[in-house]
Amino acid sequence: MAIDTINELFSKLSSNQTTIMVCGEFKRGKSTFINALLDIPLCPTDEHIATSTVSIIKYGEKHKVTRFYDTENGVKEEEIEYEQIKQYAKGSNLEIDNTVMLVIEVPCARLKNGLTIIDTPGVGGLNPRHRFLTLSAISKTDTIFYMVSVGEPMTTIELDFLKTDILPKSKAYKVILNRVDELEDDEIEEAINDCKKKVCSYCDVDNIDVIPVSAYLWQEYNQSHDKIDGEASCHKLIEKAIDEICYTYRLSLLQVLKKTLVDELQSILSIIKNEIANLSAPNSDKIKEIIASREKLQSMLYGLQNDGSEIKKQVSLVLKEAHANVLSEITKSSVLLSSEKLDDILNDDRAVEDDGAKWVLDEINKNIQNLIDNIDEEINFAFEDSLEIIQKDLNIDQYSFNGQMVANLKGRERKDGEVTCGMVRQVLPGLSVGGIGWGIASATGGFFSSLGTALTGTALGSLSVGLGSLISTVALPVGIVAGAAFIWQSLRCEKNARRIAEMRQRLAPRISLLTNEIQTYVNARFEEFNTAITDYFEGTAKELNAQMVDLQENYKKCQQDSLAIANRRKELESKLQVLNTALVQAKVLLSNSFH
């Protein structure tokens, strides 16, 4: 992850640490070179015994040596005395007691600024362990000093190790040409060029740094400070190279850090810009829609909850006018049927025929049926007009108005229909039980059978009066002692005028009672419808209030979302500004040649 890389780079930069590994064939003067570089007789030197361990040498306030060694249970560590370095650094594997690495801390001025030196075993010996240890140390180093000697021509083993193991793996390397004190001054440049030529040709590289040095004369100079020895040792070239290595390495860390920071800043900027681009306040059309819906609901609620609202006035007016018209029609028809129409029926020649009674009853039935049909139609129109007003003014279709009215009215209508049938039978009982021979042949359904809408449901059907049996066999509780057939026969011999008067006298009160019951039923139906509308208005108002609460919550949420998005946008834009500034600064980092 980028943060891990950045933390690691900052850690390396803050520690100011640069690691140089010294490696090469055995007996190339590596240990002597390190002792001269550090001006400390640290690494043991012996013409006959080669270095066998990796020694990591770094700065410490006091001498401290930590030994790492192989055991059957893995690598262990222990602290040893400074004087024991030689015991564990040189010799066979048995002689060094399976030591694989020494970490040596010394109060050396050369190492105080973060320089770490790694001494390694020779790579060309017969012991493969030496090569393995050297290779394992390469990953821990920043630069490699590959030691060769003017006294020994570069071998194929040396060239192979350089080509195969150093060049592909090392970030930087330099060839250190040791023992130049064995050459004349004019031979040193020739030896350097010869070394470059061999390495470039064998390793297929364009150029390579070869630095001459005499580790022996450098040590002498450290002791005597003799200028001739110092110049002949070429130690200043090594010191300059190390300074350049430390600077170059630190610069490379800064360049990697710069690139990592720039890449990461650009990535973060891209993420923030994308988030800002995707930040969108709630759709303004949605907010307008919520406000419009809220205003509409408020208007509808006013119409439902206030008695003085226009819709209630219109519905009330329609129902009142219809109710008055229906009652007027019933009264008018009742009067006509009890007087003029009844006279017309009874004065008709067919009334005095043998089947005259049946004909009279049929005519009365027809008139009653016409009355009921007219009532049915009038009420139907009133209810439909009321529904149309409700649906139009409240735009209430979506709120299941019809369904609510069905639930409130349907069951009551059937019940009222049955009750009305019973009342009609009591008013005009059949001849088998009645006093004047008038009865009800059928009274099924209700007065509003043709309505067929969810407002009216199933109502009374046709109301008809029929003729029962001509001879009564049952005594009547109402005080009439003769059946209709007997009455009819006893009147046949009377004069026609008297018979008609008698029939009118007996039929008119029954017709009047029937129309009264029809009026009572009509009043109940209008009352039922008014109650249903009131219940519906109250129920719908509750629903609309609930919807109003939801709209208010949605509107409030939209407002909160808008505020949160605005705050988030402001926050991101502020961060964007800071990051853009940081990006500009990161890009100019290291661009100044004086850094």
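Structure shown above.
Every chain is numbered on its own, with residues counted from 1 as its sequence reads. Only residues with pLDDT of 70 or above have their local features reported here, since the model is predicted, and side-chain atom pairs are shown and tallied only from 80 upward, although totals for entire chains, interfaces and linings are computed over all residues. Side-chain descriptors were evaluated using all non-hydrogen atoms of the structure, hydrogens and water having been removed beforehand.

Colleague: Lay out the overall build of the protein chain with the relevant residues and their values.
Modeller: Starting at the N terminus, helices and strands are each numbered in turn, a helix being any DSSP run of H or I of at least four residues and a strand any DSSP run of E of at least two. Each helix and strand in the protein chain was counted, giving 16 helices and eleven strands. Each residue's exposure class comes from its accessible area (1.4 Å probe, protein chains only) as a fraction of the maximum for that residue type: buried when under 20%, exposed when over 50%, partly exposed otherwise. Counting every position in the protein chain, which comprises 595 residues, the buried fraction comes to 43%. For the protein chain, the share of sequence-separated contacts (at least 6 apart) that also reach a separation of at least 24 residues comes to 77%. Accessible surface is estimated by sampling points in the Shrake-Rupley manner with a 1.4 Å probe; for residues, cover comes only from the protein chains shown. A total accessible area of about 31800 Å² is found for the protein chain, and carbon and sulfur atoms account for 50% of it. Should any heavy atoms of two residues lie within 4.5 Å, those residues are considered in contact.

Colleague: Could you give an account of the pairing of strand β3 (residues 64-71), naming the residues involved and the relevant values?
Modeller: Sheet topology places β3 next to strand β5 (residues 99-106); six bridges connect them, and they run antiparallel. Counted as the bridge partner of Val-65 is Ile-104 from β5. The pairing of β3 with strand β4 (residues 74-80) spans seven bridges and is antiparallel. Bridging across to β4, Arg-67 finds its partner in Glu-78. The pairing criterion is simple: DSSP has to find at least two bridges between the two strands.

Colleague: Tell me about a negative patch on the surface, residues and numbers included.
Modeller: A contiguous patch of negative charge, built from Glu-184, Asp-185, Asp-186, Glu-187 and Glu-190, is present on the exposed surface. Inspection of the secondary structure assignment puts Asp-186 in helix α6 (residues 185-203). By relative accessible area, which is 62% here, Asp-186 ends up exposed. Grouping into patches uses exposed residues only, defined as over 30% relative accessible area, and leaves out salt-bridged ones; the cut-off is 9 Å for like charges and 5 Å for nonpolar side chains (Val, Leu, Ile, Met, Phe, Trp, Tyr). Put simply, a salt bridge is a Lys or Arg side-chain nitrogen that is within 4 Å of an Asp or Glu carboxyl oxygen. Under the counting rule used here, the positive set is Lys and Arg, the negative set is Asp and Glu, and His together with the chain ends is not counted. Taken as the charge location is NZ of Lys, CZ of Arg, CG of Asp or CD of Glu.

Colleague: Go over the packing of aromatic side chains with me, naming the residues and quoting the values.
Modeller: When the centres of two rings from Phe, Tyr and Trp lie within 6.5 Å, Trp using its six-membered ring, the rings pair. Their planes under 30 degrees apart give stacked, over 60 give edge-to-face, and anything left gives tilted. Here the structure, examined in full by the defined rule, presents six aromatic pairs. When the ring of Tyr-536 is compared with that of Phe-537, the centres are 5.9 Å apart and the planes differ by 55°; the resulting orientation is tilted. Taken individually, Tyr-536 and Phe-537 each receive the classification buried, so the pair is uniform in this respect. The structure contains a cluster of three or more aromatic residues connected by ring pairs, namely Phe-33, Phe-145 and Trp-218. Any Lys NZ or Arg CZ found within 6 Å of a ring centre and within 35 degrees of that ring's normal is scored as a charge over the ring. For Lys-163, the ring lying beneath its charged end belongs to Tyr-202, and the centroid distance is 5.6 Å.

Colleague: Describe the sheet that holds strand β7 (residues 143-149), naming the residues involved and giving the relevant values.
Modeller: Taken in spatial order, the nine strands of this open sheet run β4-β3-β5-β2-β6-β1-β7-β8-β9, and their pairing is mixed. Edge positions in the sheet fall to β4 and β9 (210-212), since each has one partner strand and no second. Taking the axes of each pair of neighbouring strands and ignoring which way they run, one obtains an average angle of 20° across the sheet. As paired elements, strand β8 (residues 173-178) and β9 share three bridges and run parallel to each other. Along β9, the bridge assignment pairs Ile-176 with Ile-211. Helix axes use the C-alpha atoms of the stretch in contact, all axes being lines fitted to C-alpha atoms, and the angles between their N-to-C directions lie in the range 0 to 180 degrees. Across the sheet, helix α4 (residues 128-138) lies against β1 (18-24), β2 (54-59), β5, β6 (115-119) and β7, angled at about 155° from β1, the strand it touches most.

Colleague: For the side chain of Ser-31, give the residues involved together with the corresponding values.
Modeller: Residue placement: Ser-31 occurs in helix α2 (residues 30-38). Discounting chain neighbours no more than four positions away, the residues touching Ser-31 are Cys-43, Pro-44, Thr-45, Thr-51, Lys-90 and Asp-119.

The values reported here are purely geometric and, on their own, carry no functional implication.
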